[in-house]
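Architecture and fold: a report
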Amino acid sequence: MSAPERIPPRSLTPPTRLAPPPSTEASRLLPPAELLALGELTVRGQVREASNAVLYCTVEYDGHSAPCVYKPVAGERPLWDFPDGTLAQREVAAYEISEATGWGLVPPTVLRDGPYGQGMCQLWIEVEVAPDGADGEGSADGDGDGEGSGEIGGAELLALVEGDEPGPGWKAIGYAEVGEGRTALLVHADDVRLRRLAVLDAVINNGDRKGGHLLPAAGGRLYAIDHGVTFNADDKLRTLLWGWAGEPLPDDVLEVLRRLADQLADGGALCARLAELITGAEIEALRARVATLLRTGKHPEPSGQWPAIPWPPV
């Protein structure tokens, strides 16, 4: 993928010179969610290219510290299809569902007070960068004939390729204009981590899954961020991860969904926690989406009633 189409890393605009992130070694001795909830927040900078206020902070508690992201409710822009001042709660709800699946795809996230009022506080994930000298150029079809691959943290997750077939190890998303009247096929990796994320997005009804929300981390982990526009009672699924649309869900995924359905039953701890974050109607819609996935046994397909891919896609 040529440089302009690569997914940009998150960048910072510090109000003053930004200090390097503190070591997270100590934070490993304390559950991250507890550190985020109890620690003192200090704002260090602002993340650019975000539609809402996103502040880079450090959190410290009892000798433990870690970098984190703080999104105050006061910095949320109103949306026509979501109640005002609810995006932070939806981010936390997405974390709760991610934890309930056991997949750990969403970084530890809590709702708490901070320097600018109540907001979402999430552990900062350091993206694993490509080895020195790697330029990210490559082919998604493995034979050098492609347009080039989008390489994030050394892990190729998205790519633009020439032709009409994605090639082995890739799933087609759709066609994209690349300039001078040319189009290329946008593809994502046929990766078990992305497949689980596609299911999670279908469960939480994610209306904005972009490429820039994918954070490959050390140890082969993949995290996903930015879950403010989720859990709407109406179908809002918009994502880049359509490559498995209509395909059967793997057996292990169906088992996870069955356990999740049990946890969402009335009277359960997960249901009680979600009731603090989203509405009763949204919880009922959540249950219905899980039930539909179990009934059909397939990945959802675009409804055709609105654009299925978010814009901009990265």
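Before reading on, note that the structure itself is shown above.
Figured I'd write up the structure that's included with this text.

Cut-offs used in this document
Residues numbered from 1 in each chain as written. Predicted model: local features only at pLDDT ≥ 70, side-chain atom pairs only at ≥ 80, totals over all residues. Heavy atoms only, no water. Helix = DSSP H or I, 4+ residues; strand = E, 2+ residues; numbered from the N terminus. Contact = heavy atoms within 4.5 Å. Expected span 1.5 Å × (residues − 1). Buried < 20%, exposed > 50% of the residue type's maximum accessible area, 1.4 Å probe, protein only. Polar contact = N/O pair within 3.5 Å; in protein donor to acceptor, adjacent residues only side chain to side chain. Pairing = 2+ DSSP bridges.

**A closer look at the environment of P107**
For P107, the position within the fold is in the loop between α2 (87-101) and β5 (109-114). Between the alpha carbons of P107 and Q122 there is a distance of 6.4 Å; along the sequence they are 15 residues apart. In contact with P107, other than residues within four places in its own chain, are Y95, Q122, L123, I125, Y223, A224 and I225.

**Here we look at helix α3 (residues 192-204)**
Taking 1.5 Å per residue, 13 residues should reach 18 Å; α3 reaches 18 Å between its end C-alpha atoms and fits that length. Most of α3 sits inside the fold, with 10 of its 13 residues counted as buried. Among all positions in α3, only L194, R195, L197, A198, V199, L200, D201, A202, V203 and I204 are buried. Among the residues of α3, the N-terminal cap falls to D191, whose side-chain oxygen and the backbone nitrogen of R193 are separated by 2.7 Å. Directly after α3, the chain includes N205, whose backbone phi takes a positive value near 60°.

**Quick word on the pairing of strand β3 (residues 55-61)**
Burial runs high along β3: 5 of the 7 residues are buried. Taken together, the 6 bridges between strand β2 (residues 40-47) and β3 define a ladder with antiparallel strand orientation. Across the sheet, L41 pairs through a bridge with V59, a residue of β3. Across 7 bridges, the pairing between β3 and strand β4 (residues 64-72) is antiparallel. Its bridge partner being in β4, E60 is matched across the sheet by S65. Hairpin connection from β3 to β4: 2 residues lie between these consecutive antiparallel strands, with D62 at a positive phi of about 50°.

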